[in-house]
Amino acid sequence: MSRPCPICGNSVGDPHTNRAYPLCSARCRAIDLGRWFSESYRIPGEPVRRDDPDSLPFDPDEDA
Ligand SMILES: [Zn+2]
């Protein structure tokens, strides 16, 4: 029934007792969250700069 942790491959155990489910531990959950978060910043075609709501209308990186 138990499936492996997608981060480290260890057993995740019982979802009723493992608060980090579907990850095996809080550490792996943090790693998974970091991956998910970094991927969310790389959505193609996303015009909104979420990192700075008060950013200027031009991208300062384009002149670099
Ligand atoms: Zn793990």
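Residues numbered from 1 in each chain as written. Predicted model: local features only at pLDDT ≥ 70, side-chain atom pairs only at ≥ 80, totals over all residues.

Visitor: Would you explain the overall build of the chain in this entry?
Guide: Per the secondary structure count, the chain includes one helix and zero strands. Within the chain, buried positions represent 6% of all 64 residues. A fraction of 9% describes how many contacts in the chain between residues 6 or more apart in sequence connect residues 24 or more apart. (Helix = DSSP H or I, 4+ residues; strand = E, 2+ residues; numbered from the N terminus. Buried ≥ 20, exposed ≤ 12 C-beta atoms within 10 Å, placed from the backbone. Contact = placed C-beta atoms within 7 Å.)

Visitor: Could you clarify how one ought to interpret helix H1 (residues 26–40) in this entry?
Guide: At 3.6 residues per turn, the α-helix brings residues three or four places apart onto the same side. If you check H1, its first and last C-alpha atoms are 21 Å apart, about what 15 residues at 1.5 Å a residue would give, namely 21 Å. Burial analysis of H1 places just zero of its 15 residues in the buried class, a small minority of the element. (Expected span 1.5 Å × (residues − 1).)

Visitor: Sorry, what's going on with the environment of Asp14 here?
Guide: If you trace the backbone, Asp14 turns up in the segment before H1. Judged by the 10 C-beta atoms lying within 10 Å of it, Asp14 falls in the exposed class. Put simply, Asp14 and Arg3 are 11 residues apart on the chain and 9.4 Å apart in space, counted from C-alpha to C-alpha.

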